[in-house]
Amino acid sequence: MSQTMQFDCLLVGGGLQNALIAMALIERQPATRLALIERDSRLGGNHLWCFHARDVPPDARGFVDPLVAHRWPAYEVAFPELTRRMDVEYLGITSDRLHEVVSQRVAASSSATLFCNAAVERVTAGSVVLADGRTLRGALVVDSRGPERLQAQGRTAYQKFLGLEVALAEAQPGFVPKLMDAQVPQTDGYRFFYTLPLAPERFLVEDTYYADGPQLDRERIRGEILAYAQRIGLHVTNVVREETGVLPLTTRPLSPPIRDGVLVGGYAGGWFHPTTGYSFPVALRLARYLASADLRQPFGEGWNRLVAHRQSQARYFNLLNRFLFGAMPPDQRRNAFELFYRQSEAMILRFYAMDVTLTDRLRLFAGRAPRGLSLRAALSALLPR
Ligand SMILES: Cc1cc2nc3c(=O)[nH]c(=O)nc-3n(C[C@H](O)[C@H](O)[C@H](O)COP(=O)(O)OP(=O)(O)OC[C@H]3O[C@@H](n4cnc5c(N)ncnc54)[C@H](O)[C@@H]3O)c2cc1C
């Protein structure tokens with residue numbers, strides 16, 4: 001089949017990044033002829049994406065709120081010498097919710113089109129070729145085909161995890177989410193459990209590692225998660241869903257996000273937090289920007305400001321990663337996070353949002369050094385390659 005279709009904007013990959021862009025454009029620039037192209041039968045894969053309420057500025061709530069499936073008013077973190085409750089709202093988007101809401105919005109729009117089961121074979125400035133031979137044309141092409149396409153330079157570390165969504169024998173009302181329970185043996189880097197109550201009888205429990213290598217022993221980890229759940233009083237009857245991720249964390253700057261005239265979005269384009277591997281706050285920034293831009297000429301002054309902010313933040317977090325992975329022995333990395341969680345709530349939220357100020361940056365470096373930091377390795381982490 002050889003057929004050509006004309007659009008204003010082509011969104012390649014129906015994951016988190018392009019779902020946010022589609023939602024933002026449908027709300028703010030409803031006349032945009034938009035194509036959202038996904039190779040699978042559903043949008044969003046198999047995820048629960050979490051973020052802080054602070055990551056969503058008031059102007060984005062209109063299109064982010066419908067995607068939110070879970071809201072928790074507070075969470076806790078636990079380290080050997082510190083437990084802390086953070087009274088800040090934490091939110092979650094599920095893949096199912098994302099698929100339902102985005103496909104409904106696209107169906108209700110007269111100018112947006114959703115292509116599912118549509119693998120993209122070739123992406124160039126101004127056009128996309130599908131595996132079945134159809135060609136889609138559009139002045140703006142945003143290629144967000146996921147973390148696997150990230151091209152990092154220099155050393156890469158990993159945030160890797162496996163999570164089990166489990167059904168419980170008894171309801172656990174009032175359970176406060178535990179974002180980091182690091183009171184566990186530190187194997188394979190900084191390791192912690194992450195426990196979120198999705199419903200009184202349904203929990204997500206994840207075993208997470210900030211590690212040097214990407215290997216994940218899934219069988220062992222499944223067993224460890226079930227043993228951990230038992231230890232904290234969750235009586236699991238069955239596993240309902242499993243999710244896993246091996247997210248590359250960078251230590252050096254990435255190339256700019258426009259490559260051969262194509263805007264590379266999402267994780268592949270560097271729209272993520274180098275230290276946490278989370279991408280929601282940064283992906284949302286790109287979506288908000290595009291929704292307010294002239295899509296025929298989107299790369300002017302406002303674009304330069306957006307990219308400069310991102311690069312400056314990424315430089316700082318890449319440096320932090322060089323300390324964390326280069327100057328801290330794997331089993332001591334937890335000390336850096338424990339120290340970090342002694343900071344103010346506002347500063348912790350800016351850190352997660354990739355929006356740290358100069359004072360924040362100095363505070364993290366000028367304060368007490370975490371136990372285990374090798375000064376020699378820290379100095380070499382500061383030097384250019
Ligand atoms: C399991 C998991 C949980 C995560 N949890 C969080 C979290 O809680 N908070 C957070 O901020 N970040 C989280 N992240 C990190 C990050 O937000 C996600 O990786 C996020 O999904 C990245 O968004 P993306 O749009 O770049 O890529 P993806 O969401 O991976 O989307 C890429 C899409 O492109 C499609 N695609 C690929 N190739 C083609 C092709 N040739 N043709 C058409 N379509 C194609 C894929 O099928 C996929 O749907 C998580 C990552 C994982 C893996």
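Keep in mind that this is a model prediction, so the values were computed, not measured.

**Remarks on the pairing of strand 11 (residues 127-130)**
Consideration 1: Judged by which residues are buried, strand 11 turns out to be one-sided: Val128 and Leu130 face inward and are buried, whereas Ser127 and Val129, on the alternate face, are not.
Consideration 2: In this structure, the hairpin formed by strand 10 (residues 120-124) and strand 11 is closed by a connection of two residues, where Gly126 is found at a positive phi of approximately 90°.
Consideration 3: For strand 11 and strand 12 (residues 135-137), the ladder comprises three bridges, and the chain directions are antiparallel. By the bridge assignment, Val128 is partnered in strand 12 with Leu136.
Consideration 4: In this antiparallel pair of consecutive strands, strand 11 and strand 12, the connection spans four residues, and Gly133 shows a positive phi of 100°.

**Some thoughts on helix 1 (residues 16-28)**
Consideration 1: Relative to the 18 Å expected for 13 residues at 1.5 Å per residue, helix 1 spans 18 Å between its end C-alpha atoms, a close match to the ideal helical length.
Consideration 2: The element helix 1 is largely enclosed, with a buried count of 11 among its 13 residues.
Consideration 3: Within helix 1 the residues assigned to the buried category are Leu16, Gln17, Asn18, Ala19, Leu20, Ile21, Ala22, Met23, Ala24, Leu25 and Ile26.

**Re the domain arrangement of the protein chain**
Consideration 1: Its domain assignment divides the protein chain into domain 1 (4-152 + 252-309), domain 2 (156-248) and domain 3 (327-382).
Consideration 2: Centre-to-centre, using C-alpha coordinates, domain 2 lies 24 Å away from domain 3.
Consideration 3: On the domain 3 side, the residues contacting the eight residues of domain 2 number five residues.
Consideration 4: Residue composition of the side of domain 2 that touches domain 3, by class: four nonpolar, two polar and two charged.

**Comments concerning the site of the ligand**
Consideration 1: Taken together, 31 residues form the shell around the ligand, and within it Gly13, Gly15, Gly146, Gly245 and Gly266 come nearest.
Consideration 2: For the shell around the ligand, the secondary structure elements donating two or more residues are helix 1, strand 4 (48-52) and strand 18 (236-250).
Consideration 3: When grouped by side-chain class, the residues that make up the shell around the ligand number 13 nonpolar, 13 polar and five charged.
Consideration 4: Formed jointly, the shell around the ligand draws a minimum of three residues from each of two domains, domain 1 (4-152 + 252-309) and domain 2 (156-248).

**Considerations on the environment of Leu179**
Consideration 1: Relative to the helices and strands, Leu179 is located in strand 15 (residues 178-181).
Consideration 2: Sequence-wise, Leu179 and Leu130 are 49 residues apart; in three dimensions their C-alpha atoms are separated by 40 Å.
Consideration 3: The contacts of Leu179, once residues within four sequence positions are left out, are Tyr75, Val77 and Tyr194.

**Thoughts on the nonpolar core**
Within soluble globular proteins, side chains that are nonpolar tend to cluster in buried spots.
Consideration 1: One finds Leu10, Leu11, Ala22 and Leu36 to be the most contacted residues of the largest nonpolar core, which totals 100 residues.
Consideration 2: Top element by residues in this core is helix 1. It accounts for nine residues.
Consideration 3: What Ala22 contacts, discounting residues up to four positions off in sequence, is Leu11, Leu34, Leu36, Val102, Val106 and Ala112.

**Quick notes on unusual backbone geometry**
Consideration 1: One non-glycine residue, Asn117, lies in the positive phi region at around 50°.
Consideration 2: Structurally, the position occupied by Asn117 is in the loop between strand 9 (112-115) and strand 10.
Consideration 3: Residue Asn117 is classed as exposed on the basis of its C-beta count, with 12 C-beta atoms lying within 10 Å.
Consideration 4: Even without a glycine there, the phi angle at Asp188 is positive, about 60°.
Consideration 5: Considering the arrangement of structural elements, one finds Asp188 in the loop between strand 15 and strand 16 (190-199).
Consideration 6: For Asp188, a count of 18 C-beta atoms within 10 Å translates into the label partly exposed.

**With respect to helix 8 (residues 345-353)**
Consideration 1: Looking only at helix 8, the buried set comprises Ile348, Phe351 and Ala353.
Consideration 2: Just downstream of helix 8 lies Met354, where phi reads positive at about 55°.

**So, the sheet that holds strand 15**
Consideration 1: An order of 7-6-15-16-17-14-18 is seen for the seven strands of this open sheet, with the pairing classed as mixed. Every interior strand has two partners, whereas the edge strands, strand 7 (82-86) and strand 18, have only one. Sheet twist, expressed as the average angle between the axes of neighbouring strands with direction ignored, equals 15°.
Consideration 2: As defined by bridge partners, strand 14 (residues 156-168) adjoins strand 17 (residues 202-211) across 10 bridges and the pair is classed as antiparallel. When the sheet's bridge partners are listed, Glu165 is paired in strand 17 with Leu204.
Consideration 3: Contacts from helix 7 (residues 333-340) reach strand 6 (75-79), strand 7, strand 15, strand 16 and strand 17 within the one sheet, and its direction differs from that of strand 16 by about 55°.

**Some remarks on the environment of Asp260**
Consideration 1: When you line up the elements, Asp260 lands in the loop between strand 19 (258-259) and strand 20 (262-264).
Consideration 2: Linking Asp260 and Ala131, residues 129 residues apart in sequence, is a C-alpha distance of 21 Å.

**Re the pairing of strand 15**
Within a regular strand, the side chains alternate between the two sheet faces.
Consideration 1: For strand 6 and strand 15, the ladder comprises three bridges, and the chain directions are parallel. In the sheet register, Val77 faces strand 15, and the bridge partner there is Met180.
Consideration 2: Where strand 15 lies against strand 16, two bridges are found, and the strand directions are antiparallel. Following the sheet pairing, Asp181 is matched in strand 16 by Phe193.

**As for the packing of helix 1 against helix 3 (residues 95-108)**
Consideration 1: Here helix 1 crosses helix 3 at 35°, and the two axes come no closer than 10 Å. Between helix 1 and helix 3 the crossing geometry is left-handed. Across from Ala19, Ala22, Met23 and Ile26 in helix 1, the residues of helix 3 making contact are Leu98, Val102, Arg105 and Val106.
Consideration 2: Its residues assigned to classes, the contact of helix 1 with helix 3 shows seven nonpolar, no polar and one charged.

About the cut-offs
- Residues numbered from 1 in each chain as written.
- Predicted model: local features only at pLDDT ≥ 70, side-chain atom pairs only at ≥ 80, totals over all residues.
- Buried ≥ 20, exposed ≤ 12 C-beta atoms within 10 Å, placed from the backbone.
- Helix = DSSP H or I, 4+ residues; strand = E, 2+ residues; numbered from the N terminus.
- Pairing = 2+ DSSP bridges.
- Expected span 1.5 Å × (residues − 1).
- Domains from an automatic or database assignment.
- Contact = placed C-beta atoms within 7 Å.
- Nonpolar A, V, L, I, M, F, W, Y, C, P; charged D, E, K, R; others polar.
- Near = placed C-beta within 6 Å.
- Core = buried A, V, L, I, M, F, W, Y, C linked by C-beta atoms within 7 Å.
- Axes fitted to C-alpha atoms, helices over the stretch in contact; angles between N-to-C directions.
- Left-handed = near helix turned anticlockwise from the far one by under 90°.

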